[in-house]
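So the chains spell out like this:
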Amino acid sequence: MTHGMDFHGKTALVTGGSRGIGAAIARTLAARGASVAITYSSSRGSAEAVVRDIETAGGTAFAIEADLADARSAASGAKSAVETLGARLHILVNNAGVALHGPLGTLSDDEFERNLDVNVRGLWHTTSAIVDLLADEGRIVNIGSFFSERVPFPGSSAYGMSKHAVTGMTRGWARDLAPRGITVNSVEPGPIATETNPEEGPRADRIKAMVPLGRFGKPEEVADLVAFLASPAASYITGSQILIDGGLLA
Ligand code: NDP
């Protein structure tokens, strides 16, 4: 471990840390010394298991329920997480997301709204509630998607729209927060093996055939990139979108 990736004395909030990519990010930051708060909406048992794993490994973590689809819940969950962590938040990872797909004319209005509520409004309400509690030189990492860049499959206009919006917020917040030395970047995963996107089955085989590296990514590979962006080593990177997609969009 290089000195630049040592997070002892730092606090981190990872939204949607109960499963998948968010759980891997929480484990990685905690393993490098950060005190970590994770949020979840419904998977209390999984969130508590992630906390237990981190504590067993000698780290510090706790879980808080916060429904990002609800503005008040998103804001109050984020605020109480930061209060419990201490006065200042060093690292915010906006990871929680949903992926509701369906072609135009098929995706329901409710599904359209759900993509917006969690992936767009959830980020906004979480971050605006605690922006004043972020430490100077702090870090925000937003989890976008390769759908933030392109919409390479049919049936993904609403999800793609929500992930393109992550880019807009990332760029805007980078400018807003630069005077405080806070960097804001987005990480854009390609297909990553999680419950939401299993790496086995006929759909997975079609996806793998499109990926030059020929496989799904692992949540831990995304977590390592997030850790780099959260570290002092990435101090001159802000407003950027970094793809981690096995070459899918190359
Ligand atoms: P998972 O479905 O495995 O986990 C999603 C996480 O988000 C869970 O912790 C879940 O909490 C939380 N969450 C979902 N809805 C809400 C809500 N309303 N309020 C609060 N938390 C919520 O997803 P992934 O790990 O696969 O994805 C994580 C991020 O990465 C998402 O933003 C996704 O769009 C993005 N991404 C994923 C890719 C992939 O291939 N896996 C590809 C590109 C981007 P709970 O457990 O309580 O439901």
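Procedures and definitions
Residues numbered from 1 in each chain as written. Predicted model: local features only at pLDDT ≥ 70, side-chain atom pairs only at ≥ 80, totals over all residues. Heavy atoms only, no water. Helix = DSSP H or I, 4+ residues; strand = E, 2+ residues; numbered from the N terminus. Buried < 20%, exposed > 50% of the residue type's maximum accessible area, 1.4 Å probe, protein only. Contact = heavy atoms within 4.5 Å. Areas by Shrake-Rupley, 256 points an atom, 1.4 Å probe, with all protein chains shown as cover. Lys, Arg positive; Asp, Glu negative; His and termini not counted. Charge placed at Lys NZ, Arg CZ, Asp CG, Glu CD. Salt bridge = Lys/Arg side-chain N within 4 Å of Asp/Glu carboxyl O. Axes fitted to C-alpha atoms, helices over the stretch in contact; angles between N-to-C directions. Parallel < 35°, antiparallel > 145°, perpendicular 65-115°, else oblique. Left-handed = near helix turned anticlockwise from the far one by under 90°. Nonpolar A, V, L, I, M, F, W, Y, C, P; charged D, E, K, R; others polar. Pairing = 2+ DSSP bridges. Right-handed = clockwise from strand over helix to strand, strands pointing away.

Peer 1: For this particular structure, what's the right way to read the overall build of the chain?
Peer 2: Along its length, the chain carries seven helices and seven strands. Seen in sequence order, the chain has helices and strands lined up from the N terminus as β-α-β-α-β-α-β-α-β-α-β-α-α-β. Across its three principal directions, the C-alpha atoms of the chain cover 45 × 40 × 35 Å. For the chain, buried positions account for 50% of its 250 residues. For the chain, the proportion of contacts with a sequence separation of at least 24, taken over those separated by at least 6, is 72%. Counting only carbon and sulfur atoms, one obtains 52% of the accessible surface of the chain, whose full area is about 11400 Å². For the chain, the distance from the average site of its 22 positive side-chain charges to the average site of its 27 negative ones is 3 Å.

Peer 1: Would you take a moment to explain the pattern of salt bridges for this structure?
Peer 2: Here the structure, examined in full by the defined rule, presents eight salt bridges. Residue Arg-121 is joined to Glu-113 by a salt bridge in which the shortest nitrogen-to-oxygen separation is 3.7 Å. One network of salt bridges, in which partners are shared, links Glu-113, Asp-117 and Arg-121.

Peer 1: What exactly am I supposed to notice about the packing of helix 1 (residues 20-31) against helix 7 (residues 219-230) here?
Peer 2: Packed helices, taken two at a time, are described by their axes: the angle between them and the distance between them. Put simply, helix 1 and helix 7 touch, their axes get as near as 8 Å, and they point 50° apart. The orientation of helix 1 with respect to helix 7, classified from their angle, is oblique. Two packed elements cross with a definite hand, and for helix 1 against helix 7 that hand is right-handed. Of the residues in helix 7, those in contact with Gly-20, Ile-21, Ala-24, Ile-25, Thr-28 and Leu-29 of helix 1 are Pro-219, Glu-220, Val-222, Ala-223, Asp-224, Val-226 and Ala-227. Counted by class, the contact of helix 1 with helix 7 contains nine nonpolar, two polar and two charged residues.

Peer 1: Hey, could you run me through the pairing of strand 3 (residues 60-65) in this one?
Peer 2: It is a general feature of regular strands that their side chains alternate between the two faces of the sheet. Summarising the sheet, strand 2 (residues 35-40) and strand 3 pair through six bridges and their orientation is parallel. From the neighbouring strand, Tyr-40 faces strand 3, where its bridge partner is Glu-65. Considered for its hand, the β-α-β crossover made up of strand 2, helix 2 (residues 44-56) and strand 3 is right-handed.

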